[in-house]
Amino acid sequence: MDCIVVVDYGGQYAHLIARRVRECRVYSEVVHGDNAYEEITSLPPEINVKGIVLSGGPMSVFSKDAPKLDSKLIELDVPILGICFGHQLLAHAFGGKVENLGKGEYGTTYVYIEDFDDIFEGLERVEKVWMSHSDTVTSLPSEFYVLARTDLCPVAAFKHKEKPIYGVQWHPEVVHTDKGIMILKNFVFKVCKCKPEWVMEDFIEKAVEEIKREVNNGKAIIALSGGIDSSTAAVLAARAIGDRLYAVFVDHGFMREGEPEQIREYFSKTIKNFIFVDAKKRFLDRLKGITDPEQKRKIIGEEFVRVFEEVARKVGAEYLLQGTIYPDRIESGFRKFSDKIKTHHNVAGLPSKMEFKKVVEPLRDLYKDEVREIAKRLGLPNEIVYRQPFPGPGLAVRVIGEVTEEKLRIVRQADKIVREEIEKAGLARDLWQYFSVLTETKSTGIKGDARTYGYTVAVRIVESKDAMTANFAKIPYDILERISTRITNEIPEVTRVVYDITNKPPATIEWE
Ligand code: XMP
């Protein structure tokens, strides 16, 4: 299949470029900037590399540790498009001039297009684009010419006179660039001559092959949370290695109402070696007296590893499968230049502490909605495909402060009410998450003419595309009122319900 390779130089949007290419129905792989040639040349023969995109990155081409352009990439003789840092890297490598002019362009910028051939076909003379750069390409060697300028940038885009090598200073992959997708499509279809033939089935086939290849004749184990990512990875793995897969569901006692039973019901029929571990007591014991959110997450992650290790030892699995997706990796700070926000336990907990020959993550480069698409094609039931994302540490991070059985019961009941009312109102599919949080604040109330002093429940309902950013949802007041009334009526310990109206950033989606 035709493929566009994205060379990742550490830019925020390298994976977004690959995603945009996949949206054009062309397959895309992301390779590391310091090992790109080797990774490209060792791709399986069925992958036909038709073009390369050099991503942005946080470095200046003059920094001591800045990535260099591997000349072997040019010798591959396929079209190349450099974006932002990639644009500067190409200009620098060919002998152009890159300078720091003492100011940059950040955010919306207008570019003046001077050449409407190939990659800019269909654009207007002035285009609104999104930029984020401090260095600027100020002149080009004689074998290149300018395709676009801005008020600051004399070379905002360029092309080689004979070879299909291009650079653009702005980011066509972000939605803030009006005709960004048109530029990428021009590159992918007109310049690289890719055929729009890639479909999710191809991904499924490729992932199954990858799992077969990596696990070889060994046994693999996967931690199944019942969420869409690990469920999809498990079903892919079951297709690849059949009964050499052990899917383990650890019931830590922080699941939502009815969930452990649903998971057992579905997976015990779907996966031959499905193992259900009831570990409720040991998790609760370990959290006694713990109030710090990161410490809670760490303890839950560690305890999870212990339970999981015990099972792994018993079944003799040498490989670990994980349903990690791309946003999990970036928020857990897996890349050199991204900051760690929270310890997501499916990423940070397991691999570093366990003795496995290899960790296999078939969904590592995908976004949530792409995984959903695959899950549908694999025939997973709607309850899993459209299940809201749910954190690994579960309700334990939705009880603020110490976790106790009583508090878990309250938050679980409140969560059920939020779910029921949102689903009944037909809003579920448009929302990213809707849940409740049990705060540590107690307040005075009045029930049946008597003074009460009880818990405050916070309702959190957000819209998001990928959890990297989120907005609180503007839910109609009558639905919020129904939720509030039901929570205070049905849960005697609760006297007050508040609605969280904070976006992410500055808040995160979960409270802990
Ligand atoms: P935050 O709270 O960081 O959450 O804005 C972003 C998304 O990630 C989910 N989340 C987790 N998922 N393990 C997971 O698999 C975790 O430890 C974890 N913590 C948060 C959260 O529900 C939201 O969708």
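These remarks concern the structure in this document. (Residues numbered from 1 in each chain as written. Predicted model: local features only at pLDDT ≥ 70, side-chain atom pairs only at ≥ 80, totals over all residues. Heavy atoms only, no water.)

1. Things to note about the overall build of the protein chain
- Of regular secondary structure, the protein chain possesses 17 helices and 18 strands.
- Its C-alpha atoms give the protein chain a radius of gyration of 26 Å, near enough to 24 Å, the size a compact globule of 512 residues would have.
- Per-residue burial over the protein chain gives 56% buried out of 512 residues.
- Within the protein chain, residue pairs in contact and separated by at least 24 positions form 73% of the contacts whose partners lie at least 6 positions apart.
- As displayed, the protein chain offers around 22,300 Å² of accessible surface, 49% of which is attributable to carbon and sulfur atoms.
- In the protein chain, which carries 74 positive and 79 negative side-chain charges, the distance between the mean positions of the two groups comes to 3 Å. (Helix = DSSP H or I, 4+ residues; strand = E, 2+ residues; numbered from the N terminus. Rg over C-alpha atoms; globule rule 2.2 N^0.38 Å. Buried < 20%, exposed > 50% of the residue type's maximum accessible area, 1.4 Å probe, protein only. Contact = heavy atoms within 4.5 Å. Areas by Shrake-Rupley, 256 points an atom, 1.4 Å probe, with all protein chains shown as cover. Lys, Arg positive; Asp, Glu negative; His and termini not counted. Charge placed at Lys NZ, Arg CZ, Asp CG, Glu CD.)

2. Points about the pattern of salt bridges
- Evaluation of the coordinates by the stated rule reveals 45 salt bridges.
- Glu 310 serves as the salt-bridge partner of Arg 282, at 3.2 Å between the closest nitrogen and oxygen. With a gap of 28 residues between them, Arg 282 in helix α9 (residues 280–286) and Glu 310 in helix α10 (residues 293–315) connect regions that are remote in the sequence.
- Residue class for Arg 282 comes out partly exposed when judged on its relative accessible area of 28%. (Salt bridge = Lys/Arg side-chain N within 4 Å of Asp/Glu carboxyl O.)

3. Quick word on the environment of Arg 239
- Turning to its location among the elements, Arg 239 is positioned in helix α7 (residues 228–241).
- The spatial distance from the C-alpha of Arg 239 to the C-alpha of Glu 205 is 9.7 Å, given a sequence separation of 34 residues.
- Ignoring anything within four residues of it in the chain, the contact list for Arg 239 reads Ile 204, Val 208 and Leu 378.

4. Comments concerning the pairing of strand β3 (residues 48–54)
- Among the seven residues in β3, six count as buried, and that is most of the element.
- Across six bridges, strand β1 (residues 2–8) lies against β3 in parallel orientation. Bridge pairing in β3 places Ile 4 opposite Gly 51.
- Inspection of the sheet shows β3 paired to strand β4 (residues 80–83) by three bridges, in the parallel sense. Bridge pairing in β4 places Ile 52 opposite Ile 80. (Pairing = 2+ DSSP bridges.)

5. A short note on the packing of aromatic side chains
- As enumerated under the stated definition, the model contains 14 aromatic pairs in all.
- Seen from their ring centres, Phe 144 and Phe 158 are 5.4 Å apart, and the 90° between their planes marks the pair as edge-to-face. Of this pair, Phe 144 sits in strand β7 (residues 144–149) while Phe 158 sits in strand β8 (residues 157–160), and the two are 14 residues apart along the sequence.
- A ring pair is formed by Tyr 166 and Phe 187, whose centres lie 6.3 Å apart and whose planes are at 85°; its orientation type is edge-to-face. Pair noted here: Tyr 166 is in strand β9 (residues 165–168) and Phe 187 is in helix α5 (residues 180–191), with a separation of 21 residues, a long-range link. (Phe/Tyr/Trp six-rings, centres within 6.5 Å; stacked < 30°, edge-to-face > 60°.)

6. Quick look at the sheet that holds strand β12 (residues 273–278)
- The parallel open sheet is built from five strands, whose spatial order is β12-β11-β10-β13-β14. Two strands close off the open sheet at either side, each with one partner strand: β12 and β14 (358–360). Averaged over all pairs of adjacent strands, the angle between their axes in this sheet comes to 25°, without regard to strand direction.
- Relative to β12, strand β11 (residues 245–251) is paired through six bridges, and the arrangement is parallel. Counterpart to Val 250 in the pairing with β12 is Val 277.
- In this fold helix α8 (residues 259–270) packs onto β11 and β12, with an angle of close to 160° to the strand it touches most, β12.
- Those strands touched by α10 are β10 (220–223), β11, β12 and β13 (319–321), and its axis lies near 155° from that of β10. (Axes fitted to C-alpha atoms, helices over the stretch in contact; angles between N-to-C directions.)

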